[in-house]
Amino acid sequence: MLRFILTRVSLIIPTFVGLTLVAFILVHLIPGDPIETLAGERGIDAERHARLLSEYGLDKPLPVQYAVYVGHVLHGDFGLSLITHQSVIREFAALFPATIELSVCAVLFAIGLGLPAGIIAAVKRNTPFDHGVMATALAGYSMPIFWWGLLLILLFSGWLALTPVSGRISVEYFVEPQTGFLLIDSLLSDQEGAFRSAVSHLILPTIVLGTVPLAVIARMTRSAMLEVLGEDYIRTARAKGLPPYWVVGAHALRNALIPVVTVIGLQIGSLFAGAILTETIFSWPGVGKWLYEAVNRRDYPVLQGGVLLIGTVVMAVNLGIDLLYGLINPRIRHTR
Amino acid sequence: MVTEVADIVPVAQRGPRHPAREFWDYFRTNHGAVGGLMIIIGLLLLAAFAGVVAPHSPIATHNDAFLRPPVWEAGGSWTYPLGTDAIGRDILSRVIHGSRLSLLIGTLAVSIAFLCGVALGLVAGFFRGIPEIGIMRLVDIMLTLPSLLLAMVVVAILGPGLINAMFAVAIVTLPAYVRITRAAVIAERARDYVVAARVAGAGRWRLMFSTVLPNCMAPLIVQATLGFSAAILDAASLGFLGLGAQPPLPEWGTMLADSREFVLRAWWVVTFPGVAILVTVLAFNLLGDGLRDALDPKLKR
């Protein structure tokens, strides 16, 4: 097991190095003078230019610059935002819980609906229910989620006036951030209605972000279940006279879950892509909106740091799932 | 059942059916895929004859008709069947002309990603060692970044615009083609027919392009079809974020970005461009699923 863990961990090191290289080159690829890019001003006079050049270390050869950059990164120094002059890592840390909260809710929503829908569709194969689930899943999979978000706002916030349009909580509540997760913080704060407000703000973004994973999970669960339900051991279980719900729920589901878990893990990257759009539509103060604004304001240190941090998070999550997978399924652990 | 039995006898006399014929017979039983194909043909026609079909110019503003509702709502008229936007442009005409942009972006982005991805995948599959490690590491790095974030980075470097968004989408979708080609090449290389070609004296280039590549095409064709829907979605997302096609171009995502502030006042401004994106992406996904079923021998029969 230890060998398995060590091989997996060592495999991501080159990817991480490559990621730092991409983030490093990014600032140099942007057209124009890197000093003006990094300082965020134009028309800097020659003397100040030279001073900034040495201040940022850009007068050194590229490999040295890269080494210095990696050194900073490994010490947790990702530079300062050009707009807010705050440390990039600190801004990221402050906003990241909002993105996690939204993503976790979206994944739970997707699993909670997609898993049962996929199982029932597989059991009732070729019935109207099955066709309905598959058609809905295909539509969800093809959905431009930014438009979906606008439609839901139109329906639930506009016509039905049920949910708020944007933000994480109504302005009348001020919740002291303790964990950064507003659902927990608002419960801890003892303010009347704060938790309700936080939940009502979370509903639409959760649906929007969860739609594509929901469709993927429903499709994957259905096809994995269909495959497993055709196996001999299922026939044996049925022949023994076990109740059908037990055969499906206990015997079949356990093996069908393996590919489904993989697919859920693979959704992490696309979940973040979705978070950029969802957070932008609902003014959700998370990392996705932060990066979108960084691109628009040409805040390159934020973009550079954000790319590296997000890439690292995705990599770490994938590694975690890989390890978990080896833990669950001994066949994978022992193959290499 | 009876007809099937009747069919088998003449087939044995005629010899095997042509593969294209066999493919088509299998494909057309999939109603979803045929439906998707029809929608795509319809969209191509619409794009080709947009100038004739569209009642107005997509960028002409009509000062007397701001935010007119569609024809079936009170206050709507046949002059603007789907209503007008905030500066009086006909939405139907813009949606029709938008099909040109989306199909263009889809075609070019998929072509670029396909050609570069297949080339890199072939190299990685044939030249084991340093080229393979280098290419596959690069692909791994690209896959650690969420596609939209990577596309945003590319646009941040190149600057916003239709063409740059297209390049961004092509780069983002590249890894899938590299991985599929490499996996297919490695699987095919060990097959007897490749060994036979090698023994017969086929050179490396001949092996790569005429012996192995045609036999790797099935998964690539499926991926390219599904890639169309991904490309159209990604380009529309970039347009929506203001990083893709710039106004006044009638790109569907850009139209949605323009309409955001009118969500609660004029539902038609928001609805129709999104329907256009959904229908187009759905059509390519249906076609891709159908092609996969028809081309994948494991699922066949």
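For the structure itself, consult the block above.
Residues numbered from 1 in each chain as written. Chains lettered and ligands numbered in written order. Predicted model: local features only at pLDDT ≥ 70, side-chain atom pairs only at ≥ 80, totals over all residues.

## Let's talk about the overall build of chain B
Counted only if it meets this: Each helix is a run of DSSP H or I of at least 4 residues and each strand a run of E of at least 2, with the numbering of both proceeding from the N terminus. Labels follow a simple rule on C-beta atoms placed from the backbone: if 20 or more others lie within 10 Å of a residue's own, it is buried; if 12 or fewer, it is exposed; otherwise it is partly exposed. What counts as a contact is two residues whose backbone-derived C-beta atoms lie within 7 Å of each other.
Counting its secondary structure elements, chain B contains 13 helices and zero strands. Secondary structure elements in chain B, listed N-terminal to C-terminal, are α-α-α-α-α-α-α-α-α-α-α-α-α. Counting only C-alpha atoms, chain B reaches 75 × 60 × 30 Å along its principal axes. For chain B, buried positions account for 44% of its 301 residues. The contacts in chain B between residues at least 6 apart in sequence include a share of 70% that link residues at least 24 apart.

## Structural notes on unusual backbone geometry
A cis geometry characterises the amide bond from Pro 247 of chain B onward to Pro 248 of chain B, with omega recorded as 5°. One can find Pro 248 of chain B in the loop between helix 11 (217-240) and helix 12 (252-259). Non-glycine residue Asn 126 of chain A carries a positive phi angle of around 65°. Residue placement: Asn 126 of chain A occurs in the loop between helix 5 (88-123) and helix 6 (128-141). Although it is not a glycine, Ser 283 of chain A sits at a positive phi angle of roughly 45°. Within the secondary structure layout, Ser 283 of chain A lies in the loop between helix 11 (244-281) and helix 12 (287-296). Ser 283 of chain A gets classed as partly exposed once you count the C-beta atoms within 10 Å, which come to 13.

## With respect to the packing of helix 7 (residues 147-158) of chain B against helix 8 (residues 162-189) of chain B
Residues and elements named next belong to chain B. Test applied: Axis definition: a line fitted to C-alpha atoms, limited for helices to the stretch in contact. Angles are taken between N-to-C directions and run from 0 to 180 degrees. Angles are sorted into four bins: roughly parallel if under 35 degrees, roughly antiparallel if over 145, roughly perpendicular if 65 to 115, and oblique for all others. In this scheme, a crossing is called left-handed if the near helix is turned counterclockwise away from the far one by less than a right angle; it is called right-handed if the turn is clockwise. Each residue is assigned to one of three groups, with Ala, Val, Leu, Ile, Met, Phe, Trp, Tyr, Cys and Pro labelled nonpolar, Asp, Glu, Lys and Arg labelled charged, and all others, Gly among them, labelled polar.
At a minimum axis distance of 9 Å, the contact between helix 7 and helix 8 shows a crossing angle of 140°. In terms of orientation, helix 7 lies oblique with respect to helix 8. Every pair of crossing elements has a handedness; the one defined by helix 7 and helix 8 is right-handed. Here helix 7 contributes Ser 147, Leu 150, Ala 151, Val 154, Val 155 and Leu 158 to the contact with helix 8, which in turn contributes Asn 164, Ala 165, Phe 167, Ala 168, Val 169, Ile 171 and Val 172. In terms of residue class, the contact of helix 7 with helix 8 is made up of 11 nonpolar, two polar and no charged.

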